[in-house]
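Structural overview for review
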Amino acid sequence: MPQKTPIWMTLIIIVFLLPVFSCPFLIGNLPAGDEVAKTFVWIYPFYMVLSAWLAWSAYPRRPYVCWILLILMALSTMAVWTIVLHPMDVVY
């Protein structure tokens, strides 16, 4: 019988996925003219949902992969928020 992801891990994955709902705020506060930030913010929700699904499906056989994906989700959330809230002046 195949193993299932425990409820407690499913709840942890959902908690890590919750920042996706801040996407409208992030899009609304994008720095003007910063196409790189715009691209990252638009890719962010798709990346988070895919990572959450992969973490959930990986936990029964490879729990370490699940934890690594959760850490990457947290770091990605911090990076996107930093890009939007503290833009750098880039000289071209």
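Residues numbered from 1 in each chain as written. Predicted model: local features only at pLDDT ≥ 70, side-chain atom pairs only at ≥ 80, totals over all residues. Heavy atoms only, no water.

Here we come to the nonpolar core. Residues Met 9, Ile 13, Leu 26, Val 41, Tyr 44, Cys 66 and Leu 70 are the most contacted members of the largest nonpolar core, which totals 19 residues. Each residue touching Leu 70, except ones within four places of it in the same chain, is listed here: Met 9, Ile 12, Ile 13 and Phe 16. (Core = buried A, V, L, I, M, F, W, Y, C linked by side-chain atoms within 4.5 Å. Buried < 20%, exposed > 50% of the residue type's maximum accessible area, 1.4 Å probe, protein only. Contact = heavy atoms within 4.5 Å.)

Let's shift gears to the packing of helix H1 (residues 7–17) against helix H4 (residues 63–85). Two elements in contact, H1 and H4, have axes whose closest approach is 10 Å; the angle formed by their N-to-C orientations is 20°. Here H1 is positioned roughly parallel relative to H4, judged by the angle of their axes. Helix-helix and strand crossings are classified by hand; for H1 and H4 the assignment is left-handed. On the side of H1, the interface is formed by Trp 8, Met 9, Ile 12, Ile 13, Phe 16 and Leu 17, while H4 contributes Cys 66, Trp 67, Leu 70, Met 73 and Ala 74. (Axes fitted to C-alpha atoms, helices over the stretch in contact; angles between N-to-C directions. Helix = DSSP H or I, 4+ residues; strand = E, 2+ residues; numbered from the N terminus. Parallel < 35°, antiparallel > 145°, perpendicular 65-115°, else oblique. Left-handed = near helix turned anticlockwise from the far one by under 90°.)

The subject of this paragraph is the environment of Trp 81. By the element assignment, Trp 81 lies in helix H4. We classify Trp 81 as partly exposed; its relative accessible area is 27%. Once the C-alpha coordinates of Trp 81 and Leu 26 are considered, the two residues, 55 residues apart in sequence, prove to be 7.4 Å apart.

Turning to the confidence of the model for the protein chain, a few remarks are in order. Taken residue by residue, the protein chain gives an average pLDDT of 91. The fraction at 70 or more is 93%. Confidence scores differ between elements of the protein chain, with helix H2 (residues 23–28) showing the lowest mean pLDDT of 92 and H1 the highest of 97. (pLDDT = per-residue confidence, 0-100.)

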